[in-house]
Amino acid sequence: MTASAIRQRPCKALVVGSLGLVGGNVASHLQACGDWHVVGVSRSAPARPVAYEHLRLDLLDAEACRAAAAGLRDVTHIFFCARFSHRDTALEARTNLAMLRNLLEPLEDSAALEHVCLVHGTKWYGSHLGPYRTPAREDDPRHMPPNYYYDQHDYVAALQGGRSWTWSTVRPHIVCGTTTGYPFNLITLLGAYGAICAERGLPLDFPGTEACFRSVSQATDIGLLCRAMVWMATTPACANQSFNIVNSDYFRWCSLWPRLAAFFGVPMGIVRPQKLAATMATSATLWRAMSDRCGLGISDLQALANWSFGDFLFAADWDDMSSTAKARRHGFHDTVETEPSIIEALERLRATRIIPARHAMG
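Since we're looking at a predicted model, the values are computed, not measured. (Residues numbered from 1 in each chain as written. Predicted model: local features only at pLDDT ≥ 70, side-chain atom pairs only at ≥ 80, totals over all residues. Heavy atoms only, no water.)

1. A look at the overall build of the chain
And step 1. The helix and strand inventory of the chain stands at 14 helices and 11 strands.
And step 2. Relative to a compact globule of 362 residues, whose C-alpha radius of gyration would be 21 Å, the chain shows 21 Å and is just as compact.
And step 3. When the backbone C-alpha atoms are referred to their principal axes, the chain occupies close to 60 × 45 × 40 Å.
And step 4. Here the chain, with 362 residues, has 56% of them falling under the buried criterion.
And step 5. Considering only contacts in the chain between residues 6 or more positions apart, those separated by 24 or more positions represent 79%.
And step 6. Entry remark: accessible area of the chain is about 15400 Å², with carbon and sulfur atoms responsible for 53%.
And step 7. Between the centroid of the 34 positive side chains of the chain and the centroid of its 33 negative side chains there is a distance of 2 Å. (Helix = DSSP H or I, 4+ residues; strand = E, 2+ residues; numbered from the N terminus. Rg over C-alpha atoms; globule rule 2.2 N^0.38 Å. Buried < 20%, exposed > 50% of the residue type's maximum accessible area, 1.4 Å probe, protein only. Contact = heavy atoms within 4.5 Å. Areas by Shrake-Rupley, 256 points an atom, 1.4 Å probe, with all protein chains shown as cover. Lys, Arg positive; Asp, Glu negative; His and termini not counted. Charge placed at Lys NZ, Arg CZ, Asp CG, Glu CD.)

In structure tokens:
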């Protein structure tokens, strides 16, 4: 039985970074559960109405965070999904730690606080630097810093220091969901790339290396991640621990790519290494024309596809594999198959007119 099943007082969740891919879906998932009061936090205002309470807050403004804390003393769970990305990894580490510290320090002594869940990932193992030991396990050695995951982990563990609240960190890989405007979204990137290939009458070439095409990779379905985070935050056995959360299988691009070509109604292409940031640079005008003709909801291609992110993904020529044995030992047994989940997510993009219907392309 989870802690949420035996509690006597209501749960109030503070979802930090609630307009991002993970935070937005966590907020919606908690709201749908029905027994959570959800407060979303982001630096900017939502572009459209949200079903939960929203607080606009700059986490780098320590004074503003202290002022906001006065109205958040009844928060029981914090889901910290915010992140600051920068090529300068030392600056990235300092900034992400400051964001967490500014928010948490005014709240950490609250009698209501029960759990803090941090969203990290397989960069903990150095997956962004090159080959690493696979399958990665939660107690594997760290790589040479800086890495903001390490700073946040060590800070929250030291701050907890025997207090009544607990913490956890979750380590997904390539989070797959349909949120737009998020700069590291594989699903919207694939949707835009495939739709543009179809519009131009081109086969679906794999834009990365042959080694990447054949390597083993993994992904984390956003629904699976949301369920896992709530499980971690409400299960006493998960207190003060980290968990890998990835889908129940691994995949190779060479297996997935024919299914993607069939989805977009184009021929299967070849492995054709390229820099998408360069080859797709002129596609914004084409996308606007497609949007006008097909009545798409988003005419700005940049809101869907971060081509530099794609260049990194499709050039990684090493295996990405995380062990989920620890999560299973602790009682999390949800499963998601990767290839069907990616196709289903693309179907949702099509159904919501984020990408064109198949018959409308070309």
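2. A short note on the packing of aromatic side chains
And step 1. Counting across every chain of the model gives 17 aromatic pairs.
And step 2. Taken together, a centroid distance of 5.8 Å and an interplanar angle of 75 degrees make the contact between Tyr182 and Phe184 edge-to-face.
And step 3. Taking 6.2 Å as the distance between ring centres and 40 degrees as the angle between the ring planes, the aromatic pair formed by Phe206 and Trp253 counts as tilted. Remark: Trp253 occurs in helix α9 (residues 253-264) and Phe206 occurs in strand β8 (residues 204-206); sequence separation between them is 47 residues. With respect to burial, Phe206 and Trp253 carry one shared label: buried. (Phe/Tyr/Trp six-rings, centres within 6.5 Å; stacked < 30°, edge-to-face > 60°.)

3. Focus on the pairing of strand β4 (residues 77-80)
And step 1. Of the two faces of β4, the one holding His77 and Phe79 and the one holding Ile78 and Phe80 are both buried throughout.
And step 2. As defined by bridge partners, strand β1 (residues 11-16) adjoins β4 across 4 bridges and the pair is classed as parallel. Each residue of the ladder has a partner; that of Val16, found in β4, is Phe80.
And step 3. Sheet topology note: the β4/strand β5 (residues 115-119) ladder contains 4 bridges and is parallel. By the bridge assignment, Phe79 is partnered in β5 with Cys117.
And step 4. Each parallel crossover has a hand, and the one from β4 via helix α4 (residues 89-104) to β5 is right-handed. (Pairing = 2+ DSSP bridges. Right-handed = clockwise from strand over helix to strand, strands pointing away.)

4. Focus: the state of the cysteines
And step 1. Applying the stated criterion across every chain, the model contains 0 disulfides.
And step 2. Cys81 carries a free sulfur, and the closest cysteine sulfur to it, the one in Cys117, is 7.3 Å from it. (Disulfide = S-S within 2.5 Å.)

5. Side note on the pairing of strand β10 (residues 241-244)
And step 1. Both faces of β10 are covered, namely the face carrying Gln241 and Phe243 and the face carrying Ser242 and Asn244.
And step 2. Relative to β10, strand β6 (residues 166-171) runs parallel, the two being bridged by 4 bridges. Each bridged residue has a counterpart across the sheet, and for Arg171 the counterpart in β10 is Asn244.

6. Examining the side chain of Ser283
And step 1. Structurally, Ser283 is set in helix α11 (residues 283-294).
And step 2. Setting aside its immediate chain neighbours within four residues, Ser283 contacts Ile196, Arg200 and Leu301.

7. Remarks on the pattern of salt bridges
And step 1. Using the criterion set out here, one finds 12 salt bridges in the structure.
And step 2. Linking Glu199 and Arg293 is a salt bridge whose minimum nitrogen-to-oxygen distance equals 3.0 Å. You can see Glu199 sitting in helix α6 (residues 186-200) and its partner Arg293 sitting in helix α11, a full 94 residues away along the chain.
And step 3. On the basis of relative accessible area, Glu199 is assigned to the buried category, the value being 17%.
And step 4. In this structure Arg293 comes out as partly exposed when scored by relative accessible area, which is 45%. (Salt bridge = Lys/Arg side-chain N within 4 Å of Asp/Glu carboxyl O.)

8. Considering α9
And step 1. Between its first and last C-alpha atoms α9 spans 16 Å; for 12 residues at 1.5 Å apiece the expected length is 16 Å, and the two agree.
And step 2. For α9, the elements touching its buried residues are α6, β8, α7 (210-214), β11 (268-271) and α14 (338-351).
And step 3. Of the residues flanking the end of α9, it is Gly265, one or two places downstream, whose phi is positive at about 70 degrees. (Expected span 1.5 Å × (residues − 1).)

9. Things to note about the sheet that holds β5
And step 1. Strand order in this open sheet of 7 strands is β3-β2-β1-β4-β5-β6-β10, and the pairing throughout is parallel. Two strands bound the open sheet, and with one partner strand each, they are β3 (53-56) and β10. On average, adjacent strands in this sheet sit at an angle of 20 degrees to one another, irrespective of strand direction. (Axes fitted to C-alpha atoms, helices over the stretch in contact; angles between N-to-C directions.)

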